[in-house]
Structures are given as structure tokens and as C-alpha cells.
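What follows is each chain in one-letter form.
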Amino acid sequence: MNIRATIVAIVLSLIAATAFAQPYPAKPVRIIAPYAPGGAVDLLAREIGNALTQKTGTSFIVENRPGAGGNIGLSALAKSPADGYTLGVGAANMMAANRFLYKSLPFDTLKDFTPVAFIGRLPFVLVVHPKIVASGLKEMIADMKAKKASYSYGSSGVGNTAHIFGELLRHRAAIDFVHVPYKSSGEALRDLIAGRLEAQFITPVDLAGPIQRGAVRPLAVAAPGRLASLPNVPTFAELGFAGFESPTWFGIIAPAGVPADVLAFLNREIGEALASPELKARLTQGSLDPQQMTPEQFRTFVNGEVKKWESIVRDSRVTLE
């Protein structure tokens, strides 16, 4: 090889090495939100995506892939390259409950995903249309039984956490509670406000306005304790209904095998974003309880949640194909 060819080869190898060593993220990152726009999953995906875009200068773009209780979005995530350029939002139903709701899944939540960063916990609130005159949950149940009434409740699709809680209440209270699935919790809430539904299990993110103007009325909180935003609304446990103490939760996940340096970078950046006063204020206003975990802590947490939701799903008697 002559001197000129040698120099060209060296230059090309240096260029290739520089391109290879380009720090992450070197191109736009996709965040799969396994639910339709308008709900908590979509909102959190966009909040985290916007924060990371501002911090890194690289676009983190949200892609909504709804359907099958989050399974369509997670299936797409599991098949994506494990290079850090495709992330997703995982939640309690997708990562824990669906293992026991569906006879088979196209992925294994404990093996096919890498927990990246925990976001936080978010409780559900049972709200009703003002036409339900009962003063509380026990009074509503008694009135339904006395009148042999059938009430409909909406959720963001079949198999989500709100659906599970609705069926759990139906069996525990022995009432005729009929599930109506929607593409998003926002769509269900619109029908509830319009009077086409009687009730809904929904996260507090979208509730501040409707409650303040009297469009819906909260009856009970599905959480271990009362909410600061709804201090006068009792928990299900206070009303004698155990099993509703598990709020839903959310985290950023990736395909299994993401490089350790990319995983560490994302965990650190998301943690710093969640700790920022601006984002923290927006999230806590919607009753989200932000919490930081290392990827290892997040994985241990998911393993524990799988055991917890197995019991809840069994008691709700929900089964899906």
C-alpha cells in the first residue's frame, strides 16, 4: 500500500471511529405511548419527552400506539433495536396486570424490557355524574340494589387498571356495573360529563376542572391514603372495600439489552427532569407522586408489582383473550 492510500485509510478509520463514538443521543429518539392521546400515559410521555428534548437538544418524539390494553405499543417496543433510540412508557397494567389478564402475550414483561427510570404513582378516583344523587359510595350501592339499577362506567379500554378496579367493585359490592371501553380516558370523561355514563375510574390529572365546576362528583379514592387535592374524599379502604390500595404507576422502559452507558444517561437525565421545580409542580398538581429509582430498583419494583397485581386481577375476575 502506497503512502497516499495509507493516509486515506487512516483518515477514513478516524472518521468512522468519531462517528461511532458520537455521544448519545446522536439522532431523534422515539417514545412509544401505548395509549391514545389525552390520557395519563400520553401526558407523561410528552412531559418526559419535552424535558429530555430541552435538556439534550435532541428531539424525543412521542408516538401513540394504542390498543389491546397497551400490548400493541409494548409489542412494537420489544421488537425495536436495543440502542436507546426507541423507548416506551410502561404502566401497572401493561407491566404487571396483563400477564394475568391475557392467555398469551407477544412478549415477556420481565425478560423483554429494560426498566430505565421510574416516573411515579398515580391514584384512581371513582367519580359519578351529578344525576347520581347518592351522597357517597355506600349510599350509591344501596340505592342501586334497592332499585335494581344498572350503572355504566367508562375506561380507556379493555384490561386497563380502571377496568380492573371497576370489575373488582362490581364483584365486591354485588352490583350491576357495566364496563364501556373507550380509546382514551378523556373520551370516557366527555361522555360521563354529558350524562351518557354514570361513573368512571379516572386519574386526577383531568379532574380538577370538572370537579370544580360540578360536572362530576368524586366518591372514593383508590389509594392507600387520601389525596391532598381531594382531602374530603375517603379511600375505598375507609369505606370497607379492601384491595383498592394499589395506585397505577408509570415508568420509562426500553427493549432488553440497552447499553449500560445509555441506560445510565437516561436514568440520570429523567431523574433530573423529574426533580426540576417546574415539571415536579405540574405532575404533583395532577396528584402524581414522583419518585426516582435506579434501573435496578425499578426492576425489583416491577417484580413485586407482578405478584401484587396477580391477586388483584384474580379477585376482579377479569379475563381476556
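Quantities reported herein were computed from a predicted structural model and do not represent experimental measurements.

Calculation criteria
Residues numbered from 1 in each chain as written. Predicted model: local features only at pLDDT ≥ 70, side-chain atom pairs only at ≥ 80, totals over all residues. Heavy atoms only, no water. Helix = DSSP H or I, 4+ residues; strand = E, 2+ residues; numbered from the N terminus. Buried < 20%, exposed > 50% of the residue type's maximum accessible area, 1.4 Å probe, protein only. Areas by Shrake-Rupley, 256 points an atom, 1.4 Å probe, with all protein chains shown as cover. Lys, Arg positive; Asp, Glu negative; His and termini not counted. Charge placed at Lys NZ, Arg CZ, Asp CG, Glu CD. Expected span 1.5 Å × (residues − 1). Contact = heavy atoms within 4.5 Å. Pairing = 2+ DSSP bridges. Axes fitted to C-alpha atoms, helices over the stretch in contact; angles between N-to-C directions.

Observations concerning the overall build of the protein chain
Looking only at helices and strands, the protein chain has 11 helices and 11 strands in total. For the protein chain, with 321 residues in total, the buried portion stands at 54%. As displayed, the protein chain has an accessible area near 14,300 Å², and 56% of this comes from carbon and sulfur atoms. Of the charged side chains in the protein chain, 32 are positive and 26 negative; the average position of the first set lies 2 Å away from that of the second.

Here's the deal with helix α11 (residues 295-316)
The first and last C-alpha atoms of α11 sit 31 Å apart over 22 residues, in line with the 32 Å expected at 1.5 Å per residue. Along its buried surface, α11 packs onto α4 (92-101), β4 (113-122), α6 (161-173), β10 (248-255) and α9 (260-275). One or two steps after α11, the chain reaches Arg 317, where phi turns positive at roughly 65°.

Considerations on the sheet that holds strand β7 (residues 176-181)
Consider a sheet: its strands pair through backbone hydrogen bonds, and that pairing is either parallel or antiparallel. The strand order across the open sheet formed by five strands is β7-β6-β8-β5-β9, and the pairing between neighbours is mixed. Of all strands in the sheet, those with a lone pairing partner are β7 and β9 (217-222), marking the two edges. Strand-to-strand twist of the sheet, defined as the mean angle between neighbouring strand axes without regard to direction, takes the value 25°. In this sheet, strand β8 (residues 199-202) lies alongside strand β5 (residues 124-128) in antiparallel orientation, the contact comprising four bridges. Bridging from a neighbouring strand, Val 128 pairs with Ala 199 of β8. Its contacts with the sheet place helix α7 (residues 185-193) against β5, β6 (150-155) and β8, and it is angled at close to 150° to β8.

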